[in-house]
Amino acid sequence: MCGRFALTHSAEDLARWFGAGEIPLAPGLALPLRYNIAPSQPLLAVRVEHGSPRFALLRWGLVPSWAKDPAMGQHMINARGETVAVKPAFKNAYRHHRCLIPASGFYEWAHEGKGRQPYYFSGNRGTPLAMAGLWEHWLGPDGSEMETCAIVTTQANKTLKPIHDRMPVLIPRERFAAWLDHSPGAWTHAAELLVPSPEDALVKIKVSTYVNHPAHEGPACLAPAK
DNA sequence: CCAGACGTTGTT
DNA sequence: GTCTGG
DNA sequence: CCAGACGTTGTT
DNA sequence: GTCTGG
């Protein structure tokens, strides 16, 4: 699955790769390099607004619009690709609210003995990854609002298999438009994209357990481990 | 019909 | 063991 | 995902 | 809102 990732490409690189316009930060604020993005935090997403791809900041942990308790999002950080079309919590988002979640790489943990050993997976050409995402809008009884999201998962490919049996769905660049197409009926084609990545898509490095602690941040998260 | 859940992962 | 916070 | 808390009363 | 279980 995918419960932690990094976004270390520059804003310029991301804008070029995703063609999604300005990143929604206050004027003068730079996109921070992130080495340890965890559930419940804001993440950068690309979704269609007024017919074109736009960056948005969404909270990681999908809260369905009908949820009474927004704490439900704590359990909704991933959505199984095999069942997103039928699960009540994801069905609406899968039809109408698909998005891309840019990542420079993602972490998976292997259970080795008592410990948890992290590995980092990134694109084999150093380009950004586009994880398949779903988002929702939630309006609380007191008028508070939240925009939240989940990362879609699928079976592990050969690269991931020794570490973990699930991985995030990665959308190839030439399929961005297909994944984001919300015209009527297009969602039935989105299902074709919910497959494991080709074996050569990713490179793996074993990294220090420094990244295990969600409060740790910075390049030390990617320090290689023996 | 109404009431209550609505999820994933990993582990047993 | 299970929940919360990051 | 992992790490760390997990409780109450009363007092400051 | 929609599905499942009783």
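For the structure itself, look to the data block above.
Residues numbered from 1 in each chain as written. Chains lettered and ligands numbered in written order. Predicted model: local features only at pLDDT ≥ 70, side-chain atom pairs only at ≥ 80, totals over all residues. Heavy atoms only, no water.

### Description of the protein's contact with DNA strand D
Around DNA strand D sit M1, G3, R4, P39, I77, W109, R116, N212, H213 and P214, and that is every residue in its neighbourhood. Taking the atoms of DNA strand D that fall within 4 Å of the protein, sugar and phosphate contribute 74% of them. For DNA strand D, a sugar or linking oxygen lies 3.3 Å from a polar atom in the backbone of N212. Within the side chain of H213, an N or O atom sits 3.3 Å from a sugar or linking oxygen of DNA strand D. Residues of the surface near DNA strand D, tallied by class, amount to five nonpolar, three polar and two charged. (Near = heavy atom within 4 Å. Polar contact = N/O pair within 3.5 Å; in protein donor to acceptor, adjacent residues only side chain to side chain. Nonpolar A, V, L, I, M, F, W, Y, C, P; charged D, E, K, R; others polar.)

### Overview of the protein's contact with DNA strand C
Looking at DNA strand C, the residues that line it are R4, A38, P39, S40, Q41, Q74 and P214. Put simply, 12% of the atoms of DNA strand C that lie within 4 Å of the protein are in sugar or phosphate. Here a base nitrogen of DNA strand C and a backbone polar atom of P39 are 3.2 Å apart. Within the side chain of S40, a nitrogen or oxygen atom sits 2.6 Å from a base nitrogen of DNA strand C. When the residues that make up the surface near DNA strand C are grouped by side-chain class, the tally is three nonpolar, three polar and one charged.

### Brief notes about the environment of C99
Secondary-structure assignment places C99 in strand β6 (residues 98-103). When residues no more than four places from it in sequence are discounted, the contact partners of C99 are A45, V46, R47, L58, M131, A132, G133, L134, W135, W179 and L180. (Helix = DSSP H or I, 4+ residues; strand = E, 2+ residues; numbered from the N terminus. Contact = heavy atoms within 4.5 Å.)

### Some thoughts on the packing of aromatic side chains
Throughout the structure, instances matching the rule amount to seven aromatic pairs. With a centroid separation of 5.3 Å and an interplanar angle of 5°, the aromatic rings of F18 and F176 are classed as stacked. Placement of the pair is F18 in helix α1 (residues 11-18) and F176 in helix α3 (residues 176-180), with a sequence separation of 158 residues. Assigned by exposure class, F18 and F176 land together as buried. Chaining the aromatic ring pairs together yields one cluster made of Y94, W179 and W187. When the ring centre of Y94 is taken as reference, the NZ or CZ atom of R98 above it lies at 5.9 Å. (Phe/Tyr/Trp six-rings, centres within 6.5 Å; stacked < 30°, edge-to-face > 60°. Buried < 20%, exposed > 50% of the residue type's maximum accessible area, 1.4 Å probe, protein only. Lys NZ or Arg CZ within 6 Å of the ring centre and 35° of its normal.)

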